[in-house]
Amino acid sequence: MALAENLTKLILLILPAMIANGTPVVARKIYGSGTPIDFGKNWLDGRPLFGPGKTWEGLLSGVITGTMFGIIEGFVFEDFRFYVYGAFLSSIGALIGDIIGSFLKRRLGIKRGEPAPILDQLDFYIGAISLLYIGGYELSLAAVLVFAPIILFLHVTTNWIAHQLKLKEVPH
Ligand code: CTP
Ligand code: MG
């Protein structure tokens with residue numbers, strides 16, 4: 001399959017992850033500070049397991065919006081099984097990747113909301129790709145690598161916009 005075709009397939013499967021990852025930033029205007037996934041628990045090092053920036057409400061709202069986008073894709077491309085299941089895996093993978101990102105940040109002593117360049121931008125992408133792969137979706141490595149810097153750029157710009165719109169206190 002040509003790279004262009006592989007990239008198109010990847011983008012369609014990753015768009016739900018991008019939506020899922022961005023949803024909590026907007027949805028928290030409704031749910032407020034939410035219920036932390038770690039319930040405020042600390043790790044062995046005495047630092048938060050994930051920190052208060054990762055909530056059940058964010059996880060749920062992200063998976064719902066991401067999967068809903070997959071339903072639209074299913075309608076448009078007339079393949080529900082591929083797009084809805086793909087969007088579900090992609091969304092849940094994105095949010096798990098983001099939670100793992102926070103786990104790593106806390107272990108490195110980086111506080112909630114403080115920047116961790118590359119990790120902050122790519123954790124959700126790596127999570128989404130991993131879950132899609134586990135779920136049996138064949139993705140081209142070349143397409144995954146080509147799209148990574150684009151994800152990085154889009155994440156930086158959308159977060160900057162969210163900061164300008166006062167949706168985020170910090171621009172990352
Ligand atoms: N958010 C949430 N639940 C999630 C993911 C995100 O409620 N599962 C919300 C939180 O309000 C969070 C905001 O979205 O503060 C922005 O997400 P992110 O930048 O990933 O979190 P940070 O606050 O920067 O925390 P961390 O340093 O742990 O990444
Ligand atoms: Mg952040």
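Bear in mind the structure is a predicted one, so any value in this text is a computation, not a measurement.

**Student:** I would appreciate a short explanation of the side chain of Asn 21 in the present structure.
**Tutor:** Of note, Asn 21 is situated in helix α1 (residues 3-31). Contact partners of Asn 21, with chain neighbours within four places excluded, come to Asp 98, Phe 124 and His 155.

**Student:** Would you mind going over the layout of surface pockets with me for this structure?
**Tutor:** Space left empty within the atom packing is revealed by a probe, the size of a water molecule, rolled over the atoms. Each pocket or cavity is described by its volume, and for the largest pocket that value is around 1,000 Å³. As for the largest pocket, its lining consists of 42 residues, of which Asn 21, Val 25, Lys 54, Asn 159 and Lys 168 are closest to the centre. Of all the secondary structure elements, the ones that give two or more residues to the lining of the largest pocket are α1, α2 (56-77), α3 (80-107), α4 (119-134) and α5 (141-164). Residues that form the lining of the largest pocket fall into these classes: 17 nonpolar, 14 polar and eleven charged.

**Student:** I would appreciate a short explanation of the packing of α1 against α4 in the present structure.
**Tutor:** The description of two helices packed together rests on the angle between their axes and the distance between the axes. Relative to each other, α1 and α4 sit at 130°, their axes nearing to 10 Å. The pairing of α1 with α4 is recorded here as oblique in orientation. Considering the relative orientation of α1 and α4, their crossing is right-handed. Contacts from Leu 10, Leu 13, Ile 14, Ala 17, Met 18 and Asn 21 of α1 reach α4 at Phe 124, Tyr 125, Ala 128, Ile 129 and Leu 132. Its residues assigned to classes, the contact of α1 with α4 shows ten nonpolar, one polar and no charged.

**Student:** Even after reading the chapter, I still don't get α1, so can you show me in this structure?
**Tutor:** One full turn of an α-helix is made of 3.6 residues, so residues set three or four places apart face in the same direction. For α1, with 29 residues, the first-to-last C-alpha span of 41 Å sits near the 42 Å given by 1.5 Å per residue. Of all the bends in α1, the greatest, near 35°, is centred on Thr 23, and the proline Pro 24 appears no more than four residues after it. Gly 32, located one to two residues past α1, shows a positive phi value of around 70°.

**Student:** Looking at this structure, how should I read unusual backbone geometry?
**Tutor:** Negative phi characterises most residues that are not glycine, and trans characterises most peptide bonds. In the Ramachandran plot, Phe 39 falls in the positive-phi region, its phi being about 50° despite a non-glycine side chain. Judged by relative accessible area, which is 55%, Phe 39 ranks as exposed. Residue Glu 78 is not a glycine yet carries a positive backbone phi of 50°. Given a relative accessible area of 71%, Glu 78 falls into the exposed group.

**Student:** I would appreciate a short explanation of the packing of α1 against α5 in the present structure.
**Tutor:** Remark: α1 packs on α5, axes separated minimally by 10 Å, with the N-to-C direction vectors making an angle of 30°. With respect to α5, the axis of α1 lies roughly parallel. Where α1 crosses over α5, the two elements pack in a sense that is right-handed. Residue-level contacts link Leu 3, Asn 6, Leu 7, Leu 10, Ile 11, Ile 14, Met 18, Asn 21 and Val 25 of α1 to Ala 142, Ala 143, Val 144, Val 146, Phe 147, Ile 151, Leu 154, His 155 and Ala 162 of α5. For the contact of α1 with α5, the residue count by class is 15 nonpolar, three polar and no charged.

**Student:** Help me out: how do you make sense of the site of ligand 1 in this one?
**Tutor:** The immediate surroundings of ligand 1 are formed by 18 residues, with Tyr 31, Thr 55, Ser 102, Arg 106 and Arg 112 found nearest. In the model, an oxygen atom of ligand 1 is placed 2.7 Å from a nitrogen or oxygen of the Tyr 31 side chain. One of the side-chain N or O atoms of Thr 55 is found 2.7 Å from an oxygen atom in ligand 1. Where the shell around ligand 1 is concerned, the elements lending two or more residues are α1, α2 and α3. A class-by-class count of the residues in the shell around ligand 1 yields five nonpolar, five polar and eight charged.

Criteria and cut-off values
- Residue numbers restart at each chain and count upward from 1, following the sequence in its written direction.
- The lettering of chains begins at A and the numbering of ligands begins at 1, in the order of writing.
- pLDDT decides what is reported in this predicted model: residues at 70 or higher carry local features, side-chain atom pairs at 80 or more are listed and counted, and totals for whole chains, interfaces and linings draw on all residues regardless.
- The side-chain values count all of the structure's non-hydrogen atoms but skip hydrogen atoms and water molecules.
- To qualify as a helix, a DSSP run of H or I must reach at least 4 residues; to qualify as a strand, a run of E must reach at least 2; elements of each kind are numbered from the N terminus.
- Residue contacts follow a heavy-atom distance rule, with two residues in contact if any of their heavy atoms lie within 4.5 Å.
- Both cavities and pockets are sets of points on a 1 Å grid over the protein atoms alone; in a cavity a 1.4 Å probe fits but cannot get out, in a pocket the set is open with protein on both sides within 12 Å along at least five of seven lines, and lining residues sit with an atom within 4 Å of a point.
- Grid points are joined across faces, edges and corners, and a volume is the space filled by probe spheres set on the points.
- Amino acids are sorted into nonpolar (Ala, Val, Leu, Ile, Met, Phe, Trp, Tyr, Cys and Pro), charged (Asp, Glu, Lys and Arg) and polar (every other residue, Gly among them).
- Convention adopted: a line fitted to C-alpha atoms gives each axis, helices being fitted over their contacting stretch, and angles between N-to-C directions are expressed from 0 to 180 degrees.
- Note that the term roughly parallel is reserved for angles under 35 degrees, roughly antiparallel for angles over 145, roughly perpendicular for angles of 65 to 115, and oblique for everything else.
- The crossing is said to be left-handed when, going from far helix to near helix, the turn is anticlockwise and less than a right angle, and right-handed when the turn is clockwise.
- For a helix, the expected span equals 1.5 Å multiplied by the number of residues minus one.
- Here the bend at a residue is taken as the angle between two axes, fitted respectively to the seven residues that end there and the seven that start there.
- Accessibility here uses a 1.4 Å probe with only protein chains present; expressed as a share of the type maximum, an area under 20% marks a residue as buried, one over 50% as exposed, and anything in between as partly exposed.
- A cutoff of 4 Å decides nearness: a residue is near a molecule or strand if any of its heavy atoms lies inside that distance of it.
- Throughout this description, a polar contact denotes any pair of N or O atoms lying within 3.5 Å of each other; where both atoms belong to protein, one of them has to be capable of donating a hydrogen while the other can accept it, and for residues adjacent in sequence the pair is counted only when both atoms sit in side chains.

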